[in-house]
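Analysis of the macromolecular model
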Amino acid sequence: TATIRGIQSVPVCVEADVCKGFVTLPSGDQTADYRSFIGKGTIETITGNEAVHALTALCRHCGFDTMHCTQAVVNATCVEKITVKEFTAKQRFK
């Protein structure tokens, strides 16, 4: 397996939020409509075909469907894989 600073995998916590907008409550206070995710797991560096596959998937997700990762791109990019082992999520929508 790949290593980060000599360690095979490192504990990590990730968070993602989507704010749909702000809401004024009857009391006059304001809040937000949102979705939130927090995950805990591990992170590790990946290389070779696994890195190429990950970079290609990321490019496609961002709308670059025809972009191909050359070996020069792979060599110049540090690709990290996060494996989420537990998560919590919540949302507030009116």
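Coordinates for the structure precede this section.
A brief report on the enclosed structure follows. (Residues numbered from 1 in each chain as written. Predicted model: local features only at pLDDT ≥ 70, side-chain atom pairs only at ≥ 80, totals over all residues. Heavy atoms only, no water.)

This model, assessed by the stated rule, comprises two salt bridges. With a shortest N-O distance of 2.4 Å, Arg92 and Asp33 are connected by a salt bridge. Placement of Arg92 in strand E3 (residues 79-92) and of Asp33 in strand E2 (residues 30-46) is noted, with a sequence separation of 59 residues between them. Residue Arg92 is classed as partly exposed on the basis of its relative accessible area of 24%. (Salt bridge = Lys/Arg side-chain N within 4 Å of Asp/Glu carboxyl O. Helix = DSSP H or I, 4+ residues; strand = E, 2+ residues; numbered from the N terminus. Buried < 20%, exposed > 50% of the residue type's maximum accessible area, 1.4 Å probe, protein only.)

The subject of this paragraph is the sheet that holds E2. Read across the sheet, three strands follow the order E1-E2-E3 without closing on themselves; strand pairing throughout is antiparallel. The open sheet terminates on both sides in strands that have one partner only, identified here as strand E1 (10-24) and E3. Neighbour-to-neighbour, the strand axes of this sheet turn through a mean angle of 20 degrees, independent of strand direction. (Pairing = 2+ DSSP bridges. Axes fitted to C-alpha atoms, helices over the stretch in contact; angles between N-to-C directions.)

What follows deals with the pairing of E1. Pairing of E1 with E2 involves 14 bridges; the strand directions are antiparallel. Within the sheet, the bridge partner assigned to Val12 lies in E2 and is Gly41.

A few words now on the side chain of Thr42. Residue placement: Thr42 occurs in strand E2. If we ignore the near neighbours within four places in the chain, the residues touching Thr42 are Ser9, Val10, Pro11, Val12, Lys81, Ile82, Thr83 and Lys85. (Contact = heavy atoms within 4.5 Å.)

Turning to helix H1 (residues 48-61), a few remarks are in order. For H1, spanning 14 residues, the distance from its first C-alpha to its last is 20 Å, which sits close to the expected 20 Å at 1.5 Å a residue. Residues of H1 that are buried include every one of Ala51, Leu55, Thr56 and Cys59, and no others. The arc that holds every buried residue of H1, seen down its axis, measures 130 degrees, which confines them to one face. Turned more than 90 degrees from where H1 packs its buried face, Asn49, His53 and His61 sit exposed. Of the surrounding elements, those touching the buried residues of H1 are E2, helix H2 (71-76) and E3. Two residues or fewer after H1 comes Gly63, characterised by a positive phi angle close to 95 degrees. (Expected span 1.5 Å × (residues − 1). Arc of directions from axis to C-beta.)

What follows deals with the environment of Val18. Note on placement: Val18 falls in strand E1. Spatially, the C-alpha atoms of Val18 and Tyr34 are 5.5 Å apart, while their sequence positions differ by 16 residues. Excluding residues within four positions of it along the chain, Val18 makes contact with Asp33, Tyr34 and Arg35.

Here the focus is the environment of Gln91. Tracing the backbone shows Gln91 in strand E3. For the pair Gln91 and Val18, spaced 73 residues apart in sequence, the C-alpha to C-alpha distance is 9.2 Å. When sequence neighbours within four positions are dropped, the list of residues in contact with Gln91 reads Tyr34 and Arg35. Engagement of the side chain of Gln91 in a polar contact is seen with the side chain of Arg35, the distance being 3.1 Å. (Polar contact = N/O pair within 3.5 Å; in protein donor to acceptor, adjacent residues only side chain to side chain.)

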